[in-house]
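Coordinates in review
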Amino acid sequence: MNQIEPGVQYNYVYDEDEYMIQEEEWDRDLLLDPAWEKQQRKTFTAWCNSHLRKAGTQIENIEEDFRNGLKLMLLLEVISGERLPKPDRGKMRFHKIANVNKALDYIASKGVKLVSIGAEEIVDGNVKMTLGMIWTIILRFAIQDISVEETSAKEGLLLWCQRKTAPYRNVNIQNFHTSWKDGLGLCALIHRHRPDLIDYSKLNKDDPIGNINLAMEIAEKHLDIPKMLDAEDIVNTPKPDERAIMTYVSCFYHAFAGAEQAETAANRICKVLAVNQENERLMEEYERLASELLEWIRRTIPWLENRTPEKTMQAMQKKLEDFRDYRRKHKPPKVQEKCQLEINFNTLQTKLRISNRPAFMPSEGKMVSDIAGAWQRLEQAEKGYEEWLLNEIRRLERVEHLAEKFRQKASAHETWAYGKEQILLQKDYESASLTEVRALLRKHEAFESDLAAHQDRVEQIAAIAQELNELDYHDAVNVNDRCQKICDQWDRLGTLTQKRREALERTEKLLETIDQLHLEFAKRAAPFNNWMEGAMEDLQDMFIVHSIEEIQVKQLVPIRDQSLQEELARQHANERLRRQFAAQANAIGPWIQNKMEEIARSSIQITGALEDQMNQLKQYEHNIINYKSNVDKLEGDHQLIQEALVFDNKHTNYTMEHIRVGWELLLTTVARTINEVETQILTRDAKGITQEQMNEFRASFNHFDRGEAEFARIMTLVDPNGQGTVTFQSFIDFMTRETADTDTAEQVIASFRILASDKPYILAEELRRELPPDQAQYCIKRMPAYSGPGSVPGALDYTAFSSALYGESDL
């Protein structure tokens, strides 16, 4: 049994001059042997019919059926795809000669020299001349255009046969006659391209007729190659006819080479379409993520810009808690989405550059710069909102303190003033004795002293009410109403006091016997009582302090010792919170800075493989993610500080906002750096750049000197937008632009033309036959209708479609 040994290569060397001498000797022998005529007649007839059947006709006798020139002209039209001059339809000899001449003229127009072949011989049915003419046609249209490794025509076909059969044992193709007598060469050609059709291992070299018949039957049934020879003629003839063998073998070349060409074209188109489909998926994903992120920003900014104050501390604390939830729960995923969106955009643009596609332009308002601008507005609104919250809480704390102070002073004054009007309206002096009147007068003088002392308190109440109005106290209406009542009552008390004094003085003149001692007692008692009431009010007064030093001053009042001790404990607790926050912030801040520096150093290093850099960056990212618990703990301490209304910290220069911004920048930086390395790997693999070249590119990029003479020219290529910055990816593109091996629109158009059998359009059924279902449907859905010359119903314009894929036209 004969088996394939794919690993074995056969290299046959022969003397070309000796081979040509042998060929001439064989030709002279065959001139005397009519066997060649029989083989050529059968082969050429079958070859002609393989083409004529496309036009719905055939020939039976090669020298008879071509005599009128009609089928000869039809044959040339079928195999060339061109129209010949209109034939003469007459049956006279000169009509036939005219038609044959038209055919011979067309052959001559293709650069073929017709030696000793005239129209008269063809019309007269000269077998040798007819076979010679058909051979000339076969050479020109079936063999001449064969090209393999810089060889063409007969030599190219022979080299193709040698290359395809080289791995097969017992196959030694050296010519187009004796090398094919055992049939193994034909079987090897079939098995090489269609191993499903033949089991080469079961073939027997000693059964040449069986091998040839098997090959011809399979070729006729599965490859649409008609049987052109008899196995017995090949085997029993010392040297089979070269032209017959060459004609038959050329059919295998066109069958397999055409299939290979169509398969190659289909693979190229599938590859291009797969890239395009993936790019479109990434574009749609970008558009979706961008829309969702921008919509979230659009909804969030008005909430952060809302500065409507609440009326109570509890309500403002609720706003602060909602803001903390936003910072802890809602914003971090959006930071990741924004970073991923930028990474996806950069990756997509890199893939587009590598595949020679136009850059992706997101829809209006969804550019990366638009998202960055919207994010910046969000950050500004967020920062302003947090500052407003803290200021509003401070304001409410002050307002609540003043409101409580107003209530206390107003209550004390109202208690003091209660019943005073009734007393001043009494006319008890009318029935009193002189002593009693003098007592009443002295008592009234004491009341006047007390009233004068209360003047300052009433003014304080009015001042507090005024300040509450200025601080936009939510219950200012009631405060103003109460203050107005106090002021109105104060005015009435002043008027009644004056009237009573006048009445008492008139009465005193009548009653001179009032006790002087009682008056003195009343005069002395009034200031003391006034002082006592003031002292009680002071002890009931509210206070706000923010430091230990302030408390120490207030400790001078022993009676308030308990309250001051409580405040001292609160301030000590606040100090512990400050120190606790500072200790963590002073550790986290430098850690973030160190990681940023390590990532920066990693991104500019020029040694080691990109995969090693990727692994190192992945490790950085892993460590950063694991470190997040420390930032979360710091957020918790910051919340305790805010709840304690502590707004300063002398133990650290880091604020929570500093840590947040640094942390988000660190996450974004490591993600972007990883994406840059991934992009470099993608570019390296797509453009065939070695690691040594990448290292050289990195070294050149790191030392890119603005003083070089060609700097301006290079900058126009690597920085076309004139931004003044150059990315390493742009630098790689510049360095590899001239040697990039990418598909082009012209190559895709050529591939579609192969699938369309050289038509300027392609049909949906052809796409479904040649391409996978999803990619065929992708083309059918997007290809515009073809409206050029020769258009048929359902014709699709693959040229416009291919150009649009590469941005050279718009669909």
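Keep in mind that this is a model prediction, so the values were computed, not measured.

Along the protein, the regular secondary structure elements total 29 helices and two strands. Contacts in the protein between residues far apart in sequence, at least 24 positions, make up 73% of those at least 6 positions apart.

With that out of the way, let us pick up the environment of Cys487. Checked against the element boundaries, Cys487 lands in helix 17 (residues 476-510). Sequence-wise, Cys487 and Ala462 are 25 residues apart; in three dimensions their C-alpha atoms are separated by 8.1 Å.

As a further point, take the pattern of salt bridges. Under the defined criterion, the tally for this structure stands at 52 salt bridges. With its nearest N and O atoms 3.0 Å apart, the salt bridge here joins Glu635 to Arg660. Of the two residues, Glu635 is situated in helix 21 (residues 610-643) and Arg660 in helix 22 (residues 656-687); the sequence distance between them amounts to 25 residues. By relative accessible area, Glu635 is classed as buried at 12%.

If you look at the biggest cluster of nonpolar residues, it comprises 80 residues, and the most contacted ones within it are Trp47, Ile134, Ile137 and Phe252. Leaving out residues up to four positions away in the same chain, Trp47 has contacts with Leu75, Ile79, Ile137, Ile138, Ala142, Met228, Thr247 and Cys251.

Tallied over the full model, the rule gives 23 aromatic pairs. Members of the aromatic cluster, connected to one another through ring pairs, are Trp296, Trp303, Phe323, Tyr326, Trp375, Tyr385 and Trp388. Geometry around Tyr806 places Arg357 over its ring, the cationic atom sitting 4.5 Å from the centre. Cation over ring: Lys420 sits above Trp416, and NZ or CZ is 4.9 Å from the ring centre.

Okay, the side chain of Asp233 next. Structurally, the position occupied by Asp233 is in helix 11 (residues 231-236). By relative accessible area, which is 16% here, Asp233 ends up buried. With sequence-adjacent residues up to four places away left out, Asp233 is seen in contact with Lys38 and Gln39.

With 64 residues, helix 12 (residues 242-305) extends 92 Å from end C-alpha to end C-alpha; this agrees with the ideal 94 Å at 1.5 Å per step. For helix 12, the side-chain oxygen to backbone nitrogen distance between the N-cap and Arg243 is 3.4 Å, and the N-cap itself is Asp241.

The subject of this paragraph is helix 28 (residues 773-782). Buried within helix 28 are the following residues: Gln775, Ala776, Tyr778, Cys779 and Ile780. Among the structural elements, helix 12, helix 26 (745-755), helix 27 (764-770) and helix 29 (798-805) are those in contact with the buried residues of helix 28.

What follows is about the packing of helix 12 against helix 13 (residues 313-354). Running from N to C, helix 12 and helix 13 cross one another at 150 degrees; their axes reach a closest spacing of 10 Å. Judged on the interaxial angle alone, helix 13 and helix 12 are roughly antiparallel. Considering only the axes of helix 12 and helix 13, their crossing is left-handed. Split into classes, the residues belonging to the contact of helix 12 with helix 13 amount to 15 nonpolar, four polar and seven charged.

Phi angles above zero are rare outside glycine, and Asn170 is one such case at about 70 degrees. Along the polypeptide, Asn170 turns up in the loop between helix 8 (153-165) and helix 9 (184-193). The phi torsion at Asp472 lies on the positive side, around 60 degrees, for a residue other than glycine. Relative to the helices and strands, Asp472 resides in the loop between helix 16 (434-470) and helix 17. What makes Asp472 exposed here is its relative accessible area of 52%.

If pLDDT is low for a region, its predicted coordinates should not be looked at in detail. Across the protein, the average pLDDT comes to 80, with 83% of residues at or above 70. Across the protein, the element-wise mean pLDDT spans from 37 in helix 1 (residues 16-31) up to 93 in helix 10 (residues 208-222). The low-confidence segment residues 1-32 (pLDDT under 50) makes 49 contacts with residues lying over four places distant or belonging to another chain.

Reading the values: rules and limits
- Residues numbered from 1 in each chain as written.
- Predicted model: local features only at pLDDT ≥ 70, side-chain atom pairs only at ≥ 80, totals over all residues.
- Heavy atoms only, no water.
- Helix = DSSP H or I, 4+ residues; strand = E, 2+ residues; numbered from the N terminus.
- Contact = heavy atoms within 4.5 Å.
- Salt bridge = Lys/Arg side-chain N within 4 Å of Asp/Glu carboxyl O.
- Buried < 20%, exposed > 50% of the residue type's maximum accessible area, 1.4 Å probe, protein only.
- Core = buried A, V, L, I, M, F, W, Y, C linked by side-chain atoms within 4.5 Å.
- Phe/Tyr/Trp six-rings, centres within 6.5 Å; stacked < 30°, edge-to-face > 60°.
- Lys NZ or Arg CZ within 6 Å of the ring centre and 35° of its normal.
- Expected span 1.5 Å × (residues − 1).
- Polar contact = N/O pair within 3.5 Å; in protein donor to acceptor, adjacent residues only side chain to side chain.
- Axes fitted to C-alpha atoms, helices over the stretch in contact; angles between N-to-C directions.
- Parallel < 35°, antiparallel > 145°, perpendicular 65-115°, else oblique.
- Left-handed = near helix turned anticlockwise from the far one by under 90°.
- Nonpolar A, V, L, I, M, F, W, Y, C, P; charged D, E, K, R; others polar.
- pLDDT = per-residue confidence, 0-100.

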